[in-house]
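Observations on chain architecture
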Amino acid sequence: MEDEVILLHFWPSIFGMRTMIALEEKGVKYQYREEEDVMNNKTPLLLEMNPVHKKIPVLIHNGKPVCESIIQVQYIDEIWSDKNPFLPKDPYQRAQALFWADFIEKKLCVCGRRVWTTKGEELEAANKEFIELLKILQTELGDKPYFGGNKFGFVDIVLIGFYCWFPAYEKFGNFSMESECSELMAWGKRCMQRESVTKSLPDPERVIGYVLHLKKLYGLE
Amino acid sequence: MNQEEQVQLLGLWGSPFSKRVEMVLKLKGIPYEYIEEDVYVQKSPMLLKLNPIHRKVPVLVHQGKSIAESLVIVEYIEDTWKTSYPILPHDPYERSMARFWAKYVDDKVMLTLWKACLGPESEREKMVEEAYEGLKCLEKELGDKQFFGGETIGFIDIAADFIAYWFGIAQEASGVMIMTGEKFPKLQRWSENFVGNSIIKEVLPPKQKLLALFKAQFGNDPSK
């Protein structure tokens with residue numbers, strides 16, 4: 001029996017990009033369904049499959065939903081375990097990968113939001129923190145081509161969606177990623193050579209347009 | 001690899017995060033050296049070296065390497081000591097559900113419960129409402145099972161230790177009553193089962209000590 005895999009996503013979502021990249025890396029056949037108006041008009045399928053959070057991405061595998069992007073990536077790695085493993089086999093290395101994924105989720109995501117939603121002193125503080133967090137990640141990357149070492153792996157998948165948002169952060173935060181975190185930018189460019197990543201990340205100009213639209217909508221100009 | 005090498009745990013006596021790790025070590029029968037870190041007074045050089053990113057407890061040290069973040073530590077213990085007392089289900093879908101609910105407790109429920117008891121007055125009403133919503137979701141998910149993990153204590157139960165034990169004491173200290181046996185009979189039954197487990201009981205911090213701590217925290221500055 002062939003697997004039926006559906007991904008409910010909204011194109012600018014860094015979270016949804018993770019799941020999409022994971023599916024592409026494993027060569028899984030899936031149906032992509034866009035939640036076009038995820039803020040105001042969630043589809044019945046989304047509400048049924050993620051009643052707790054009512055958010056994308058949702059991965060539906062043979063009718064059963066898996067929610068939360070990092071959990072989805074782990075799930076994809078465990079189900080399609082014969083190809084391209086994302087997590088290392090060694091328990092300590094796995095724990096490190098989960099640690100950094102948690103760091104990105106708890107710290108970077110929250111801070112990133114403040115970069116395009118705040119002004120003045122608050123924005124300055126958000127920028128400072130954002131750059132500090134990126135520098136911590138850059139230190140963790142070190143000389144390795146990927147966070148996973150020689151192979152594109154779990155932490156790379158969790159972080160790379162930010163790459164298409166960097167120009168938006170630069171624009172609204174008024175700083176330069178290249179001058180603050182050039183090694184991280186080099187890592188991003190390296191990841192962009194992978195088909196799974198180029199397929200899943202939207203054009204940064206489109207992201208900027210989306211952020212402008214949100215800023216207008218919420219009176220954040 | 002010699003897994004019998006000494007395991008050390010840097011923890012804090014009253015922390016539900018720290019206790020999550022102790023519970024799992026005890027359930028799996030893994031001997032460990034416990035090192036108390038009085039993080040509110042002074043973080044030790046050892047802690048700052050082992051967890052430079054967050055500078056928090058718990059931190060597990062095994063084979064000379066350190067792991068931080070309680071649920072990450074629990075998964076590490078599960079991956080390393082596979083044969084005794086499984087904490088996560090074997091099936092990948094069930095595992096993803098366990099992780100989902102543990103994250104729900106961690107990210108959503110714990111903070112709202114705490115703020116409903118302790119938070120600033122301006123936020124309190126909203127937090128109480130959110131706390132009810134969170135507990136309702138958990139009540140539904142628990143259903144008629146003895147534990148979230150089924151017949152034995154599992155990942156979600158461990159993640160929800162605050163709800164089973166600490167929260168009742170916080171309610172007593174603050175006078176705020178949200179989780180009652182009437183409103184949440186299944187969660188009430190679950191928390192009694194959890195706290196009554198012979199291994200969990202050993203690990204829990206003394207009630208009077210926690211009560212005094214909470215009363216001091218709520219009493220000193222209820223707007224904090």
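Residues numbered from 1 in each chain as written. Chains lettered and ligands numbered in written order. Predicted model: local features only at pLDDT ≥ 70, side-chain atom pairs only at ≥ 80, totals over all residues. Heavy atoms only, no water.

The next point concerns the overall build of chain B. Broken down by element type, chain B carries 10 helices and four strands. Shown N-terminal to C-terminal, the secondary structure of chain B runs as helices and strands in the order β-α-β-α-β-β-α-α-α-α-α-α-α-α. In terms of principal-axis extent, the alpha carbons of chain B reach across some 50 × 40 × 30 Å. Counting every position in chain B, which comprises 224 residues, the buried fraction comes to 54%. Long-range contacts, defined as pairs at least 24 residues apart, comprise 71% of the intrachain contacts of chain B with a sequence gap of at least 6. When the accessible surface of chain B is split by element, carbon and sulfur atoms take 53% of a total near 10400 Å². Here chain B carries 28 positive and 32 negative side-chain charges, and the mean point of each set is 2 Å from the other. (Helix = DSSP H or I, 4+ residues; strand = E, 2+ residues; numbered from the N terminus. Buried < 20%, exposed > 50% of the residue type's maximum accessible area, 1.4 Å probe, protein only. Contact = heavy atoms within 4.5 Å. Areas by Shrake-Rupley, 256 points an atom, 1.4 Å probe, with all protein chains shown as cover. Lys, Arg positive; Asp, Glu negative; His and termini not counted. Charge placed at Lys NZ, Arg CZ, Asp CG, Glu CD.)

Another aspect to go through is the packing of helix 1 (residues 16-27) of chain B against helix 7 (residues 161-174) of chain B. Residues and elements named next belong to chain B. For the pair helix 1 and helix 7, the least separation of the axes is 10 Å and the interaxial angle reads 125 degrees. As summarised for this structure, helix 1 and helix 7 are arranged oblique, according to the angle between their axes. In terms of crossing hand, the pair formed by helix 1 and helix 7 is right-handed. Side by side, helix 1 and helix 7 meet where Pro-16, Lys-19, Arg-20 and Met-23 of the first sit next to Asp-161, Phe-162 and Trp-166 of the second. (Axes fitted to C-alpha atoms, helices over the stretch in contact; angles between N-to-C directions. Parallel < 35°, antiparallel > 145°, perpendicular 65-115°, else oblique. Left-handed = near helix turned anticlockwise from the far one by under 90°.)

This next bit is on the packing of aromatic side chains. Taken as a whole, this structure holds 23 aromatic pairs over all chains when the rule is applied. Centre to centre, the rings of Trp11(A) and Tyr210(A) are 5.6 Å apart; their planes meet at 65 degrees, and the pair counts as edge-to-face. Placement of Trp11(A) in the loop between strand 1 (5-9) and helix 1 (14-26) and of Tyr210(A) in helix 11 (residues 204-217) is noted, with a sequence separation of 199 residues between them. Of the two residues examined, Trp11(A) and Tyr210(A), each falls in the buried class. Ring pairing ties together the aromatic residues Trp116(A), Phe130(A), Phe162(A), Trp165(A), Tyr169(A) and Phe175(A), which thus form one cluster. Above the ring of Phe86(A), the side-chain terminus of Lys26(A) is found at 4.6 Å from the ring centroid. One residue, Lys209(B), lies across the ring of Trp13(B), its end atom 4.2 Å from the ring centre. (Phe/Tyr/Trp six-rings, centres within 6.5 Å; stacked < 30°, edge-to-face > 60°. Lys NZ or Arg CZ within 6 Å of the ring centre and 35° of its normal.)

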